[in-house]
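# Structural features, examined
What follows is the residue order along each chain.
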Amino acid sequence: MIVVLVVAAGATWESPVMELIAARSGMVVLKRCVDVDELLATSSAGQADAAVVALDAPGLDLTAVDVLHRHQLRVVAVGADSESGRTRAARVGVDALVGHDDLERLPDVLEAEVDGPAFDSLLVDDADLPPGPTDLGRILVVWGPAGAPGRTTVATSIASVLARRGTGTTLVDADPYGGSVAQHLGVLDEISGLLTAARLTSDGALEAGFSRVQRALGDRLTVVTGLRRGDRWVEVRSGVVEHLLEVARGRGHVVVDTGFSLEDDPAGDLVARHGRNQLTLGALDVADEVLVVGTADPVGLSRLARALVDLRERRAGAPVRVVVNRMRSSFGWSERDITGMVEGFARLAGVHFLPDDRAVADRALTTGTSVPETGDSELATALTALTDAVVPPPAPHRRRERRRLLTRRR
């Protein structure tokens, strides 16, 4: 017996669908839910196998579909069988879409999905998708423990260097505790690009409206500003950051500034609610490379060691790149000493050291620019070298840079 939940949201197709399901042997409607919230509550009982939902039902988004999938329900949407309808269905993650003019096949689709998803009823055929770029950018996530180790300074600098090379780059502020990228770069716009992306994602319209979520800072650099108040993290549902970064990488490299905590919300499995740190965790899950920023003082190194252990568990031992910030000789240990210490806590793609140059960092912050844009300095040179290690520049660029350095030395 296939047990079905239905949310029609007032659509005229509700009665015909109920009759079709009742007429099919081995299929029954358990409940006609008023809205998506009631559907989620009912699904938690574990008595249903599938949900038939109006594609335009309020609240039907990535988070809702994810909750239904966790309760082992297949989700079949009823909506317009058009390009926009299929795109929205794909964006919210439902398992199949049945058009208004093709309701007779709904019982067959339900049987196919519950018994085993039918590949011939996928939401969007490859031929229906717009051609994507053949050379996707990389997603670089800058993360680090608590204590303001310099995540935002590193993220803004890497994005700036990539853009100055002529590479399309998107800088995303995904800190759930309140972003500071906009302040670092002198962006005065009151509108949060991240919240705009969340709304567009819920509507299945992020790709079409991507220009609305970013602010241009130059010909090659755009920024998706973060949360101006930390309490607004609840408006960014699960899956939004991941989708945002995948869309952005189709336009070039993506640099992400994140929060510090990797703790899961213990209530997340009990209620239809995502945790605050899902923004950071989601970014780490889709990252091509993670840069872990820590400081060179005793407290910072202790936090860095614990952070590397936590990240190793989250990333299943994937290599990470460590950035030791504010390095200075007064501590009495060398770069080799610190490298030997961090090697014991993670698989490393590299260890990089940034000198403690407060004057340059302060000048960048007060003028609303990235460190590399402030002019020649040891800190700017180290950040450029870090960027080159993460994303090697084209050969002509490397030759020009070498000639510039040789000329300066003479």
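So, how was this worked out
- Residue indices begin from 1 for each chain and proceed along its sequence in written order.
- Given that the model is predicted, a residue must reach a pLDDT of at least 70 before its local features are reported, and side-chain atom pairs must reach 80 or more before they are shown or counted; all residues, however, enter totals for whole chains, interfaces and linings.
- Side-chain measures were taken over the full set of non-hydrogen atoms in the model, leaving aside hydrogen atoms and water.
- Under the DSSP-based scheme used, a helix requires at least four consecutive residues in state H or I and a strand at least two consecutive residues in state E, with every element numbered from the N terminus.
- Only protein chains enter the area calculation, which uses a 1.4 Å probe; residues under 20% of their type maximum are buried, those over 50% are exposed, and those in between are partly exposed.
- Here, two residues are considered to be in contact whenever any of their heavy atoms come within 4.5 Å of each other.
- Nine residue types can take part in a nonpolar core, namely buried Ala, Val, Leu, Ile, Met, Phe, Trp, Tyr and Cys, and a core is a set of them joined through side-chain atoms within 4.5 Å.
- A residue's pLDDT is the confidence the predictor assigns to it, expressed on a 0 to 100 scale.
- Centre distance within 6.5 Å is the pairing criterion for rings of Phe, Tyr and Trp, where only the six-membered ring of Trp is used; planes under 30 degrees apart are then read as stacked, over 60 as edge-to-face, and the remainder as tilted.
- We define a salt bridge as a contact between a side-chain nitrogen of Lys or Arg and a carboxyl oxygen of Asp or Glu at a distance within 4 Å.
- Strand pairing is assigned whenever DSSP identifies at least 2 bridges connecting the two strands.
- Consider the strands pointing away from the viewer: the crossover is right-handed when the path from the first strand over the helix to the second runs clockwise.
- As a rule, the C-alpha atoms of each element are fitted with a line to give its axis, helices using only the stretch in contact, and angles between N-to-C directions run from 0 to 180 degrees.
- Here the expected length of a helix is defined as 1.5 Å per residue gap, with one fewer gap than residues.

Each helix and strand in the protein was counted, giving 15 helices and 13 strands. The buried share among the 410 residues of the protein stands at 49%. Across the protein, every contact between residues at least 6 apart in sequence was considered, and the portion connecting residues at least 24 apart equals 75%.

To continue, consider the nonpolar core. Membership of the largest hydrophobic core comes to 48 residues, with the highest contact counts inside it found for Leu244, Leu245 and Val256. Ranked by residue count, the leading element in this core is helix α9 (residues 240-249), at six residues. Of all hydrophobic cores here, the second largest spans 44 residues; its members include Cys33, Leu40, Val67 and Val109.

Below, the discussion takes up the confidence of the model for the protein. Any residue range with low pLDDT should be treated as having predicted coordinates unsuitable for detailed reading. With 89% of its residues at a pLDDT of at least 70, the protein reaches an overall mean of 87. Considering only residues more than four positions removed or in separate chains, one finds that residues 117-134, a stretch of pLDDT under 50, has 20 contacts. Across residues 405-410, where pLDDT falls below 50, the model places one contact with residues more than four positions away in sequence or in other chains.

Our focus in this paragraph is the packing of aromatic side chains. Using the criterion set out here, one finds two aromatic pairs in the structure. Ring plane angle 15° and centroid distance 5.5 Å describe the contact between Phe331 and Trp333, whose orientation is recorded as stacked.

This part is about the pattern of salt bridges. Taken as a whole, this structure holds 19 salt bridges when the rule is applied. Residue Asp108 is joined to Arg24 by a salt bridge in which the shortest nitrogen-to-oxygen separation is 3.0 Å. Pair noted here: Asp108 is in helix α5 (residues 106-115) and Arg24 is in the loop between α1 (14-23) and β2 (27-32), with a separation of 84 residues, a long-range link. Taking relative accessible area as the criterion, Asp108 reaches 42% and is therefore assigned partly exposed.

Here we come to the pairing of strand β12 (residues 320-327). The buried fraction of β12 amounts to seven of the eight residues, a majority that puts the element mostly inside the structure. Where strand β11 (residues 289-295) meets β12, five bridges bridge the pair, whose relative direction is parallel. Looking at the pairing, Leu291 lines up with Arg321 of β12. Note on the crossover from β11 through helix α11 (residues 298-314) to β12: the handedness is right-handed. Pairing between β12 and strand β13 (residues 348-355): six bridges, direction parallel. Following the sheet pairing, Met327 is matched in β13 by Pro355.

Moving on, we come to the sheet that holds strand β9 (residues 221-224). Pairing is mixed in the open sheet, where eight strands are placed in the order β8-β9-β7-β10-β6-β11-β12-β13. Two strands in the sheet have a free side with no partner beyond their single neighbour: β8 (215-216) and β13. Across the sheet, helix α10 (residues 278-286) touches β6 (139-143), β7 (169-174), β10 (253-258) and β11, and the angle it forms with β6 is around 135°. Contacts from α11 reach β6, β11 and β12 within the one sheet, and its direction differs from that of β11 by about 155°.

Now for helix α6 (residues 151-164). An ideal rise of 1.5 Å per residue puts 20 Å on 14 residues; α6 measures up with 20 Å between its terminal C-alpha atoms. Of all 14 residues in α6, 12 are buried; the element is thus mostly enclosed. Within the sequence span of α6, burial applies to Arg151, Thr152, Val154, Ala155, Thr156, Ser157, Ile158, Ala159, Ser160, Val161, Leu162 and Ala163. Gly166 occupies a position one or two residues after α6 and carries a positive phi of about 100°.

The next point concerns the sheet that holds strand β1 (residues 2-7). Across the sheet, five strands lie side by side as β2-β1-β3-β4-β5; this open sheet has parallel pairing. What marks the edges here is a single partner per strand, and that holds for β2 and β5 (96-99). Between one strand axis and the next, the sheet turns through 25° on average, direction left out of account. In terms of strand pairing, strand β3 (residues 50-54) meets strand β4 (residues 74-79) through five bridges, oriented parallel. When the sheet's bridge partners are listed, Ala51 is paired in β4 with Val75.

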